[in-house]
Structure formats: structure tokens, C-alpha cells
Amino acid sequence: MNAIQARFKLDYAGFSLDVDLQLPGRGVTALFGHSGSGKTTLLRAIAGLEKVPGGFLEVNGTVWQDATTFLPVHKRPLGYVFQEASLFPHLSIRRNLEYGMRRVSAGSRQVSLDQAVALLGIDPLLDRMPDKLSGGEKQRVAIARALATSPRILLMDEPLAALDLKRKNEILPFLERLHDELDIPVLYVSHAPDEVARLADHLVVMEQGRALASGPLGETLARLDLPIRLGEDAGVVLEGTIAELDAEWHLARVDFAGGSLWVRDSGVPLGQHVRVRILARDISIARVAQSDSSILNVLPTTIEQLTDDTHPALALVRLNAGGVPLVARITRRSAARLALCPGLNVWAQIKAVALVG
Amino acid sequence: MLSDTDWSAIRLTFELASITTLLLLVIGTPIAWWLARTRSAWKGAIGAVVALPIVLPPTVIGFYLLVAMGPNGPVGQLTQSLGLGVLPFTFAGLVVASVFYSLPFVVQPIQNAFEAIGERPLEVAATLRASPFDTFYSVVLPLARPGYLTATVLGFAHTVGEFGVVLMIGGNIPDKTRVVSVQIYDHVEAMEYAQAHWLAAGMVAFSFLILLALYTLNPTGRRT
């Protein structure tokens, strides 16, 4: 279901935005791109913080902007999380949380304050002032504050970008809980592939103010026609479940639609739904099964497509593993030597699989 | 020590300063808001007009106000047609003159405070369903409090300290326009140095205390 329709066209000197997007009304949609790609401007336009004349925006069947309408920001039922937490410095954490909630009519409150507080784990902070909090704590409060307004859509503008790795890892689990426990669609702006891999269900790739691609995460990541300049980060994300734990070797087996993979056992319980990320550079291709290799994960696949990568020495190969797409990055010489071509059955040797959530 | 006319001058001075400050906070807020937020080409010009009293001799301001508010001036014509008579040499005229004279001392601290808040808290408030007016009361005013404290103190103190404008507009009418600074001048003219000392030293002490209070209570609001 496409619940969000956004059409915006902007032309500044040196910057333009030209998008026409249909986005799903559930799950996390990542707006991914480098800085200057227009992803933040698009998010601000959706919030109404940026006025884009001639734009069109419909959210869940309500027109927020068209030729004759421009719903002011404070009348849009949205939550917005900025890159910096931007808590009101003159209000306690509790008052910060209540600020938005008290301005929402009682009838449209779906998320209670307690629920938002519990979800983000900020109960011990309620009576403190914002300047006494760490960056990660502030950002959790900002997210809870936005949730407490019971938004119909949550817009997040690189909420983790201003934080160091440790703080980032402190917040990511809360964002995943949000994803699992609340039925609020999220638009998540990010330039970090690891965040996208962990959180997104739907991916929009932005470049120079344009949306190059928009689609389900796995499919979109596996598209070779996209100049997704991920460089070393090119790769796919698979969804699966923990199907077996091997206590002797500390490994866990993840079953996914196209087969199964062994990953390091990180204490995730049996039956848990997980995501694994496989980088293109970690997949090599063999025409015959290797029995004397150290590589644990070898999948039978069919070559679907071959293209040149950005560097002239490299090629990208799209593989089909039982219906699930994988992308491998190999040298063009290897591709030529193995005579790889679409339709060929090959073995994908996967050197590293990362459990991302 | 202090004579009845001295006390009358002191009372009048505080009345004038209080009314002027109150009016300035009301008038100065929208001006400061506009100056802090506008991208209009007029920003520089309006800002300069507001700041003029800082550099102009008070007699110049007094002179033009006198001309404007006099029987043949545009303001004078207006007040006469409204049945208010003319403003020069009345307490009301003194208030109007003081408002012009002390305007920059109120507008500039508030404007600085508004500018320091920046755009972000306003955007945050809007995404939390606060209308622009709601945002102004619930976010802007509390965050600009140091600026308002500075503006109040400076506006008040500066009005208490005016002399030239008062003399031009108000003249020297006991109980109506004779404020402390004029009273001191009279004492000195009359060679009543002891009387002048009491009032003058009182002004020094008052000004020092008020600024001391400002700088201790409000260390961030020092800039004007």
C-alpha cells in the first residue's frame, strides 16, 4: 500500500530537488544518499518546514499540500527527530515530553507518555534538565517526545549522525523496538549503509536531488543498474530466522528463503527473526564446488546479470540464490577466465556474513 | 536633606521610567522580532533608525520631536484633531520622547536574545503542534528571558538618566515634567551644591546597584 505520495520540485542555484515518490504506509523507509543529495530537503518538505511551491503531498489519504492547500507544520500529525536532539533547554525532560503531547487532542492520543518513556528506556531521566544528559540520552528523549504526539508518520533526519559509535549502538536497539512494536511508518534519512541495513524495509536512493531508485530493501540493494556509489559498502541484506545453534563451534544457522548460512553465535535465541548483511566484496564465485576451502557458507546460485563496476578492474555479478538476490564483486579478469555469463550455475562462496539485527 | 520638590522629582522620574519601560517592552518586542527574523532589504535601514538615539545628541531628538509634536507639526495636528491638545511640556509628551530616546536600549538586547535562539527551537515547537503564537509564549519568551531582563534594566536606567530630551520636550515644570536630572541642574544653577550632591550621589548609587544586579543575576545578558 502506497500511503505517502510526494511530488516536489525545487531549483536553487547549485541545488535542485525533483522527486515523485510513492512510499509505503508501514515500516521504515530509508532515504539514503550522500550529503547534498537532497534527502534532508525532501524530509523537510514533507514536514512542511521547507515550503516548496507547486509541490504535492498526500499522507494516509489526507492532502497536506497541493496547488491550493498548504497545511502548516503544527497542523500536520507528524513526529520529527532532528539530527541534534534540540530539547527545549528551559524545560525538564518530563516537560519536554509533555510539550507535544499536551497539544494533541485527547481523542487522538494513541501513544501514552508511559509507553514512549518505556520504549526508549528514559524513565530515570524524567526529572533532569536537558543539559545534564549525554548526547545519546538526549536523542532518545527527542525520539520519545516525537512519539508522544502519536504521530501518523515519524520523520527522522539522521538521528544518529551526531553521535559516536558507542552512543549509536546504544540507540539502535531502541529504534529496532520502535520498528517492531509500533505501527507508525517511519521516513529515515541516513547516509550510513549499516543503519539502513539494520533498520530499513524500503529504500529510496537519492542523488543530486533525484530519487534514483525506490523499492523494497533487498531488491533495491541487489540492483546493478543503480550507480549506488556505496563503494566498499555495496552488498545485500537478507531476512531469516535462527534455526540451529551449534554450541561446539559457537555458530548459529540462519535459514532464509534461498538457503541457510552459518554466522557467529552472538547469543541470539533460536527462532529469532534476524537480518544478515553480505557485502559484495565478501562473495567470490566458483564454477565447481570447493571441498578443501575454509569458507563455511557456499550457496548454489544462478548468474542473473553482470555489469562493470566503477573501477575498470572490477565487475558486479547478480546471483539468484533460490529466489533471493545476492551481489558479488569480482575482478573482470576472473569473470572472463571463468567465462561467467547470465544463466550459468555457479557456487557463491561467502566469506563473511554479518548479523545486523 | 531632600526637599519636597526633590521628592516630587524623584517620584516623577520613577513614574516616567516605569511607564516608558513598560511601553517599550510592548513596542520593542515586535520590532526586535522583525529585526531578528526578517530577510528583508529594509532590515539594515530600520535597524539603523532604531539605533539612532545611541549616537545622536539628545537635543537633536528633542528638537525634532518638539517640531513634530508642536501645534504645527504632523503629530501635533493629529493630537489636536483628536482633542488631546499638544504634547510638548506635558508628562505624556515626556513619555513619548522617552520611548524614542530609550528604544535601542530595549530593542537591541531583545533582538540579540531572539537571534541567539535561532530557527531550530521554533521548528521543533512546530513539529510538536505548537502554533506560532503558542511557540512565542512557550519557547521564545522563556528562552529570551535574559534579554528581557537586560532590556528592562537598561530601558529603565537610561530613561532615568535622560536630560537633554526632557529639557527640550518637557521643560521644567514642577510635578509635571521636572525629573531628577533637571532638578539637579536647577540646584547647581542656584548654587545649592549640598542639595545637588544628595540627588547626584543618589543617582550614582542607584545606577550602580541596578547594573550590579543585572550583571550578577544575568551574566549571559551583558551585551546590549
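Residues numbered from 1 in each chain as written. Chains lettered and ligands numbered in written order. Predicted model: local features only at pLDDT ≥ 70, side-chain atom pairs only at ≥ 80, totals over all residues.

Engineer: An account of the overall build of chain B is needed here, citing residue identities and associated values.
Structural biologist: Helices and strands together make up the secondary structure of chain B, namely 11 helices and 0 strands. Traced from its N-terminal end to its C-terminal end, chain B shows the element sequence α-α-α-α-α-α-α-α-α-α-α. Seen along its three principal axes, the alpha-carbon backbone of chain B occupies a region of about 65 × 45 × 30 Å. Residue burial in chain B is summarised as follows: out of 224 residues, 35% are buried. Within chain B, residue pairs in contact and separated by at least 24 positions form 74% of the contacts whose partners lie at least 6 positions apart. (Helix = DSSP H or I, 4+ residues; strand = E, 2+ residues; numbered from the N terminus. Buried ≥ 20, exposed ≤ 12 C-beta atoms within 10 Å, placed from the backbone. Contact = placed C-beta atoms within 7 Å.)

Engineer: An account of the overall build of chain A is requested, with residue identities and associated values reported.
Structural biologist: When helices and strands are counted, chain A shows 8 helices and 20 strands. Relative to a compact globule of 357 residues, whose C-alpha radius of gyration would be 21 Å, chain A shows 22 Å and is just as compact. In terms of principal-axis extent, the alpha carbons of chain A reach across some 65 × 50 × 35 Å. Relative to its 357 residues, chain A shows a buried fraction of 41%. (Rg over C-alpha atoms; globule rule 2.2 N^0.38 Å.)

Engineer: Pulling in residues and values, what's your account of the confidence of the model for chain B?
Structural biologist: When pLDDT is averaged along chain B, the result is 91, and 97% of the positions lie at 70 or above. Helix α6 (residues 120-127) of chain B holds the highest mean pLDDT among the elements of chain B, 97, whereas helix α9 (residues 164-170) of chain B holds the lowest, 89. (pLDDT = per-residue confidence, 0-100.)

Engineer: An account of the sheet that holds strand β12 (residues 251-256) of chain A is requested, with residue identities and associated values reported.
Structural biologist: Residue and element names in this part refer to chain A. Ordered in space as β13-β12-β11-β14-β20, the 5 strands form an open sheet in which the pairing is antiparallel. The open sheet has two edge strands, β13 (259-264) and β20 (354-355), and neither has a second partner. Across 2 bridges, the pairing between strand β14 (residues 273-279) and β20 is antiparallel. Its bridge partner being in β20, R277 is matched across the sheet by A354. (Pairing = 2+ DSSP bridges.)

Engineer: Go over the interface of chain B and chain A with me, naming the residues and quoting the values.
Structural biologist: Across the boundary between the two partners, chain B contributes 13 residues, which contact 16 residues of chain A. Of all the secondary-structure elements, those providing two or more residues to the side of chain B that touches chain A are α6 and α7 (132-143) of chain B. For the side of chain B that touches chain A, the residue count by class is 8 nonpolar, 2 polar and 3 charged. (Nonpolar A, V, L, I, M, F, W, Y, C, P; charged D, E, K, R; others polar.)

Engineer: Break down the domain arrangement of chain A for me, citing the residues and quoting the values.
Structural biologist: Residue and element names in this part refer to chain A. When cut into domains, chain A gives domain 1 (2-221) and domain 2 (235-355). The C-alpha-based centres of domain 1 and domain 2 are spaced at 33 Å. Tallying the contact residues gives 6 residues for domain 1 and 7 residues for domain 2. Of all elements in the fold, only α6 (193-199) and α7 (217-221) reach the threshold of two or more residues within the side of domain 1 that touches domain 2. If one sorts the elements of the side of domain 1 that touches domain 2 by residue count, α7 sits on top with 4 residues. Grouping the constituent residues of the side of domain 1 that touches domain 2 by class yields 3 nonpolar, 1 polar and 2 charged. (Domains from an automatic or database assignment.)

Engineer: Let's hear about the nonpolar core: which residues, and what values?
Structural biologist: Residues and elements named next belong to chain A. Counting residues in hydrophobic clusters, the biggest one holds 108 residues, and the most contacted among them are A30, L31, A144, L155, Y188 and L326. Residue contributions to this core peak at 6 residues, all from helix α4 (residues 135-147). Composition of this core by domain shows at least three residues from each of domain 1 (2-221) and domain 2 (235-355). (Core = buried A, V, L, I, M, F, W, Y, C linked by C-beta atoms within 7 Å.)

Engineer: So what about the pairing of strand β11 (residues 235-246) of chain A? Which residues, and what values?
Structural biologist: Residues and elements named next belong to chain A. Pairing of β11 with β14, which is carried by 7 bridges, proceeds in the antiparallel orientation. Within β14, the position partnered with V236 by the bridge is I278. The pairing of β11 with β12 spans 6 bridges and is classified as antiparallel. Within the sheet, the bridge partner assigned to I242 lies in β12 and is V254. Between β11 and β12, which pair antiparallel in sequence order, lie 4 residues; one of them, H250, sits at a positive phi of approximately 55°.

Engineer: So what's going on with the sheet that holds strand β17 (residues 314-321) of chain A? Residues and values would help.
Structural biologist: All names here are of chain A. Read across the sheet, 5 strands follow the order β15-β19-β16-β17-β18 without closing on themselves; strand pairing throughout is antiparallel. Looking at strand neighbours, the two that pair on one side only are β15 (283-286) and β18 (324-331), the edges of this open sheet. Neighbour-to-neighbour, the strand axes of this sheet turn through a mean angle of 45°, independent of strand direction. Across 6 bridges, strand β16 (residues 297-308) lies against strand β19 (residues 345-350) in antiparallel orientation. Paired with N297 across the two strands is I350, which belongs to β19. (Axes fitted to C-alpha atoms, helices over the stretch in contact; angles between N-to-C directions.)

Engineer: Describe the environment of A:R102, listing the residues and the values that go with them.
Structural biologist: Residues and elements named next belong to chain A. Position of R102 among the secondary structure elements: in the loop between α2 (93-101) and α3 (113-120). R102 sits in the partly exposed class, given 17 other C-beta atoms within 10 Å. R102 sits 47 residues away from T149 along the chain, and the two C-alpha atoms are 8.1 Å apart.

Engineer: A description of unusual backbone geometry should follow, citing residues and the corresponding values.
Structural biologist: For residues besides glycine, phi is generally negative; the peptide bonds are generally trans as well. Within the chain, A:N60 stands out as a residue other than glycine whose phi angle is a positive 50°. Although it is not a glycine, B:D175 adopts a positive phi angle of roughly 70°. Its location among the elements puts B:D175 in the loop between α9 and α10 (180-189).

Engineer: Help me get a handle on the packing of helix α1 (residues 4-37) of chain B against helix α5 (residues 91-117) of chain B, residues and values and all.
Structural biologist: Residue and element names in this part refer to chain B. Where α1 contacts α5, the two axes come as close as 6 Å, and the packing angle between them is 45°. Here α1 lies oblique to α5, going by the angle between them. Where α1 crosses over α5, the handedness of that crossing is right-handed. Split by residue class, the contact of α1 with α5 holds 19 nonpolar, 6 polar and 1 charged. (Parallel < 35°, antiparallel > 145°, perpendicular 65-115°, else oblique. Left-handed = near helix turned anticlockwise from the far one by under 90°.)

Engineer: How would you explain the packing of α10(B) against helix α11 (residues 193-217) of chain B if you had to name every residue and give the values?
Structural biologist: All names here are of chain B. Two elements in contact, α10 and α11, have axes whose closest approach is 8 Å; the angle formed by their N-to-C orientations is 150°. With respect to each other, α10 and α11 are oriented roughly antiparallel. Crossing of α10 against α11: the hand is left-handed. The segment α10 lies against α11, with V180, Q183, I184, H187 and V188 engaging Q195, A196, L199, A200 and M203. A class-by-class count of the residues in the contact of α10 with α11 yields 7 nonpolar, 3 polar and no charged.

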